[in-house]
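# Close look at the chain arrangement
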Amino acid sequence: MALSLNGFSQNKKASNLESITLGGGCYWCVEAVYENLDGVKSVVSGFSGGKVANPTYEEVCTGETGHAEVVQITYDKAVTDINEIFKVFFTVHDPTTLNRQGADVGTQYRSVIFYKNAEQKKAAESIIAELNKAKVYKSPIVTRVEPFKVFYKAEDYHQNYYANNKNQPYCKMVIQPKLEKFEKVFKDKLKKK
């Protein structure tokens, strides 16, 4: 009997898991932030939204594959929800610059949400409308909201990049400030260490 009860609780827990695929510029930055959000179970860097199957990082960097650098986030809906995922997203990147995040320029750095169901699409469209109406940014949000089609995982050395390379100049100058902003704004939502 213990096995069936245990199996039930595992199935119930698994049903609380959902994933979303987001592009907010360099995936190293976005990954580092979501790795620290309570309720997030995994963050995988990769590519989505293009026309080339199984692209390499070098191919995506050309801007010719149509892919964006993205992270696929799996989260526990009992701990965090899609609205919180989006609040973090719109806090840690600039959704008003077309095909650009800071010095990173090209369609591979576009701001994009690849939704997997009607609830995610509605939540994405709703937060964008609210932010634009409240004039949170000086310019209108250009984040694309598109149906999810396929995700290609980036090479292993791109995974957990910030955690594995904290002393590199890019990590110190670009990722660390985003992480510090996230930790300040969402301090009550951080994973317990």
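Here is what the cut-offs are and how they apply
Residues numbered from 1 in each chain as written. Predicted model: local features only at pLDDT ≥ 70, side-chain atom pairs only at ≥ 80, totals over all residues. Heavy atoms only, no water. Pairing = 2+ DSSP bridges. Helix = DSSP H or I, 4+ residues; strand = E, 2+ residues; numbered from the N terminus. Axes fitted to C-alpha atoms, helices over the stretch in contact; angles between N-to-C directions. 1 Å grid on protein atoms, 1.4 Å probe; cavity = no way out; pocket = protein on both sides within 12 Å on 5 of 7 lines; lining within 4 Å. Points joined across faces, edges and corners; volume = space filled by probe spheres on them. Nonpolar A, V, L, I, M, F, W, Y, C, P; charged D, E, K, R; others polar. Buried < 20%, exposed > 50% of the residue type's maximum accessible area, 1.4 Å probe, protein only. UniProt positions renumbered as here; feature names shortened; annotations may be inferred. Polar contact = N/O pair within 3.5 Å; in protein donor to acceptor, adjacent residues only side chain to side chain. Parallel < 35°, antiparallel > 145°, perpendicular 65-115°, else oblique. Left-handed = near helix turned anticlockwise from the far one by under 90°. Contact = heavy atoms within 4.5 Å.

## Focus: the sheet that holds strand β2 (residues 40-48)
Read from one edge of the open sheet, six strands run β7-β6-β1-β3-β2-β8, paired in mixed fashion. Two strands bound the open sheet, and with one partner strand each, they are β7 (144-147) and β8 (151-153). The average angle at which neighbouring strand axes cross in this sheet is 35 degrees, direction not considered. Bridge analysis of strand β1 (residues 17-24) against strand β6 (residues 111-115) gives four bridges, and the strand direction is antiparallel. The partner of Gly24 across the bridge, within β6, is Ser111.

## Side note on the layout of surface pockets
If you add up the space inside the largest pocket, you get close to 160 Å³. In terms of lining residues, the largest pocket is bounded by Glu31, Ala32, Glu35, Asn36, Asn160, Tyr162, Ala163, Lys166, Leu179, Glu183 and Lys193. Secondary structure elements with two or more residues in the lining of the largest pocket: α2 (27-34), α6 (161-164) and α7 (169-185). Tallied by class, the residues present in the lining of the largest pocket amount to four nonpolar, two polar and five charged.

## Topic: the side chain of Thr91
Looking at where Thr91 falls in the secondary structure, it is placed in helix α4 (residues 82-92). Judged by relative accessible area, Thr91 falls into the buried class, the value being 19%.

## Remarks on the UniProt feature "domain: Peptide methionine sulphoxide reductase MsrA" (unreviewed entry) in the protein
Here, the residues flagged by UniProt with the feature "domain: Peptide methionine sulphoxide reductase MsrA" (unreviewed entry) are residues 20-172. Span residues 20-172 is 31% helix and 25% strand, its end C-alpha atoms 27 Å apart.

## Describing α4
The buried count for α4 comes to nine of 11 residues, which makes it a mostly enclosed element. For α4, the set of buried residues is Ile82, Glu84, Ile85, Phe86, Val88, Phe89, Phe90, Thr91 and Val92. The backbone nitrogen of Asn83 lies 3.2 Å from a side-chain oxygen of the residue at the head of α4, namely Asp81.

## Describing the packing of α4 against α7
Put simply, α4 and α7 touch, their axes get as near as 10 Å, and they point 135 degrees apart. When the axes of α4 and α7 are compared, the pair comes out oblique. Note that α4 runs across α7; the crossing there is right-handed. Along the contact surface, α4 presents Val88, Thr91 and Val92, while α7 presents Lys178, Lys181, Phe182 and Val185. Of the residues that constitute the contact of α4 with α7, the class distribution is four nonpolar, one polar and two charged.

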